[in-house]
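# Summary of the model geometry
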Amino acid sequence: MRRSSTFARQVLLVRVGRRDGDLHPTDLTPTEHRYADRQRRRYGLDRLSRPTLGVDPTLGLDRADIAAVVPVSPAMPPMAQVDEARSIPLLPGERTMARRMKFGLVNACTLASLMLGMLAIFLAMQGEVRMAALCLIACVGFDGLDGALARRLGVASPFGAQMDSLADMCSFGLAAPVVVYASLAGSVSTAAAAVACALVAACAAIRLARFNVSPKDGRFFCGVPTTMAAAVLAVTVAIGLPVPGAVLVAGVALLAFAMVSSFPYAKLARLVKLPPWLWLAPVIGALVDIRLTFALIVVGYLVSGPVLWLRQRRTA
């Protein structure tokens, strides 16, 4: 409103000046400068900035100090101050040579998982789906190894956590769907295989992002972990389950939605504490028919999430 009224007053002065011939150059002064001068006169800052008015030089007043207290014009917003960038160390704590070597070893395992995921993609593009699936299984092994080493060697860091998340997205969120898509070629329609694999990639990204920002629970996972979902897909391709292509596509889509579900799934540490006879049954079943045993284990684990969720709601 102030700028609009000032602009209107300038227009009137220009027209009257042209008619009366008494237009002054100061009437055409830009609004911002006139408003700043008016503020300086109102707060008496011109007197402080003049060295001839007897101001004691020991006060230390200079133009920077005076400008700091001048009211800012609404037409000219203050410039934001940019903080100087600071370097954050990748390895917190004591930075000795031994700790750096341990830190490098842990990150080398993470990079190995990433490289194996890339190799799985290249093999799948060449039609070597079984070898690509074995590379994914090796990715799962290195993914579990880097976290265990980081905790054991005492070099866990936020950088390592972010590296692990990015490697998981490349290996399990991208390489696993590509391998599954290559294995489904010829058995189902291209569109159905593409949609199912795209769901795996999208849900893996959502699952990893949610895991990074969510509070951690020491007992259960919220949804099926991305690593476990990729392991299930890799083993399925490696052993070649004798099921129709449509069933495989439905299973891939179901596994993708299970990753972003809110059902609680038990962690491996809790599964290890199960009675020994429960571990003996899968071993005997694998000796009889490994494919059927694997399918039953996967179905049982997927069903355990809704069962635990219903149990928690009843007890709450």
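Going along each chain's sequence as written, the residues are numbered from 1 onward. With pLDDT at 70 or above as the cut-off, local features in this predicted model cover only qualifying residues; side-chain atom pairs require 80 or more to be listed or tallied, and sums for whole chains, interfaces and linings still use all residues. By convention in this description, side-chain values take in all heavy atoms of the structure and omit both hydrogens and water.

## Brief notes about the overall build of the protein
Here a helix means four or more residues in a row that DSSP labels H or I, a strand means two or more in a row labelled E, and each is numbered from the N terminus. From N to C terminus, the protein includes 13 helices and 2 strands. Think of it in three bands: residues with accessible area under 20% of the maximum for their type are buried, residues over 50% are exposed, and the middle band is partly exposed, with areas taken using a 1.4 Å probe on protein chains only. For the protein, with 316 residues in total, the buried portion stands at 31%. Note on contacts: a residue pair is in contact if any heavy atoms of the two residues lie within 4.5 Å. Within the protein, residue pairs in contact and separated by at least 24 positions form 75% of the contacts whose partners lie at least 6 positions apart. Shrake-Rupley sampling with a 1.4 Å probe provides the accessible areas, and residues are treated as covered by the protein chains on show and by no other component. For the protein, the computed accessible surface area is about 20,500 Å², with 67% contributed by carbon and sulfur atoms.

## Notes on a nonpolar patch on the surface
The patch calculation keeps residues exceeding 30% relative accessible area without a salt bridge and links them within 9 Å when they carry like charges or within 5 Å when they are nonpolar (Val, Leu, Ile, Met, Phe, Trp, Tyr). We count a salt bridge whenever a side-chain nitrogen from Lys or Arg sits within 4 Å of a carboxyl oxygen from Asp or Glu. A cluster of nonpolar side chains, L268, V272, L274, W277, L278 and W279, forms an exposed patch at the surface whose accessible area comes to about 630 Å². Looking at the nonpolar patch, the elements that each hand over two or more residues are helix 11 (268-272) and helix 12 (276-288). Counting residues per element, the nonpolar patch draws most heavily on helix 12, at 3 residues. Locating W279 in the fold gives a position in helix 12. The exposure class assigned to W279 is partly exposed, which follows from its relative accessible area of 41%.

## Digging into the packing of aromatic side chains
Geometry of aromatic contacts follows a simple scheme: Phe, Tyr and Trp rings, the Trp one being its six-membered ring, pair when their centres are within 6.5 Å, and the pair is stacked under 30 degrees between planes, edge-to-face over 60, tilted otherwise. Applying the stated criterion to the full structure yields 3 aromatic pairs. Consider the rings of Y265 and Y301, whose centres lie 5.2 Å apart with planes at 35°: the pair is tilted. Separated by 36 residues along the polypeptide, Y265 in strand 2 (residues 264-266) and Y301 in helix 13 (residues 290-315) bring together distant segments of the chain. Each member of the pair, Y265 as well as Y301, carries the same accessibility label: buried.

## Examining the packing of helix 8 (residues 190-213) against helix 10 (residues 245-259)
Simply put, an axis is a line fit to the C-alpha atoms, just over the touching stretch for a helix, and the angle between two N-to-C directions goes from 0 to 180 degrees. Where helix 8 contacts helix 10, the axes come no closer than 8 Å and their chain directions differ by 15°. Relative to helix 10, helix 8 is oriented roughly parallel. Helix 10 is crossed by helix 8, and the crossing has left-handed handedness. Counting all contacts with helix 8, which are made through A192, A196, L199, V200, C203, A204, R207 and R210, the residues of helix 10 involved are V249, V252, A253, A256, F257 and M259. When grouped by side-chain class, the residues that make up the contact of helix 8 with helix 10 number 12 nonpolar, no polar and 2 charged. For classification, angles of less than 35 degrees are called roughly parallel, those exceeding 145 degrees roughly antiparallel, those between 65 and 115 degrees roughly perpendicular, and all remaining angles oblique. Whether a crossing is left-handed or right-handed is set by the direction in which the near helix is turned from the far one by less than a right angle, anticlockwise for left-handed and clockwise for right-handed. Three residue categories are used. Nonpolar comprises Ala, Val, Leu, Ile, Met, Phe, Trp, Tyr, Cys and Pro, charged comprises Asp, Glu, Lys and Arg, and polar comprises the others, including Gly.

## Structural notes on the side chain of R207
Examined against the element boundaries, R207 turns out to sit in helix 8. One buried charged residue, R207, remains without a salt bridge, the closest side chain of opposite sign being D168 at 9.0 Å. What R207 contacts, discounting residues up to four positions off in sequence, is F221, C222, G223, V224, P225, T226, M259 and V260. The charge count includes Lys and Arg as positive and Asp and Glu as negative, but it does not include His or the ends of the chains.

## Some points on the environment of A150
Residue placement: A150 occurs in helix 6 (residues 129-153). Looking at A150, the relative accessible area reads 10%, which means it is buried. When the C-alpha positions of A150 and V106 are compared, they lie 6.0 Å apart, and in sequence the two are 44 residues distant. Here A150 is in contact with V106, V155 and A156, once residues within four sequence places are set aside.

## Notes on helix 5 (residues 97-125)
Given the number of residues in a helix, its expected span is that number minus one, multiplied by 1.5 Å. For helix 5, with 29 residues, the first-to-last C-alpha span of 42 Å sits near the 42 Å given by 1.5 Å per residue. The first or second residue beyond helix 5 is G127, which carries a positive phi of 90°.

## Topic: the packing of helix 12 against helix 13
Contact geometry of helix 12 with helix 13 gives a least axis separation of 6 Å together with a crossing angle of 140°. Two secondary-structure elements touch here, helix 12 through P282, G285, A286 and V288 and helix 13 through I290, T293 and I297. When its residues are assigned to classes, the contact of helix 12 with helix 13 shows 5 nonpolar, 2 polar and no charged.

## A few points about the confidence of the model for the protein
In regions of low pLDDT, the predicted coordinates are not meant to be interpreted in detail. The pLDDT averaged across the protein works out to 78; a share of 72% of its residues lies at or above 70. Ignoring residues within four places in sequence, the model shows residues 11-32, a span with pLDDT below 50, making 18 contacts including any to other chains. Counting interchain partners and residues more than four positions distant, the pLDDT-below-50 stretch residues 47-56 has 7 contacts. pLDDT gives the predictor's per-residue confidence on a scale running from 0 to 100.

## Points about the side chain of N107
Structurally, N107 is set in helix 5. A residue is classified by how much of its surface remains accessible, and N107, at 9% relative accessible area, is buried. A 3.5 Å cut-off defines polar contacts: any pair of N or O atoms within that distance qualifies, except that in protein one atom must be a possible hydrogen donor and the other a possible acceptor, and neighbouring residues in sequence count only when both atoms are side-chain atoms. Separated by 2.7 Å, the side chain of N107 and the backbone oxygen of F103 make a polar contact. When neighbours within four sequence positions are excluded, N107 is seen to be in contact with F159, G160 and M163.

## Brief notes about helix 9 (residues 226-239)
Between the first and last C-alpha of helix 9 there are 20 Å, a value that for 14 residues agrees with the 20 Å anticipated at 1.5 Å per step. Within helix 9, burial applies to T226, T227, A229, A230, V232, L233, A234, T236, V237, A238 and I239. Check the buried side of helix 9 and you find it contacts helix 6, helix 7 (158-184), helix 8, helix 10 and helix 13. Following helix 9 by one or two positions, G240 has its phi on the positive side, about 65°.

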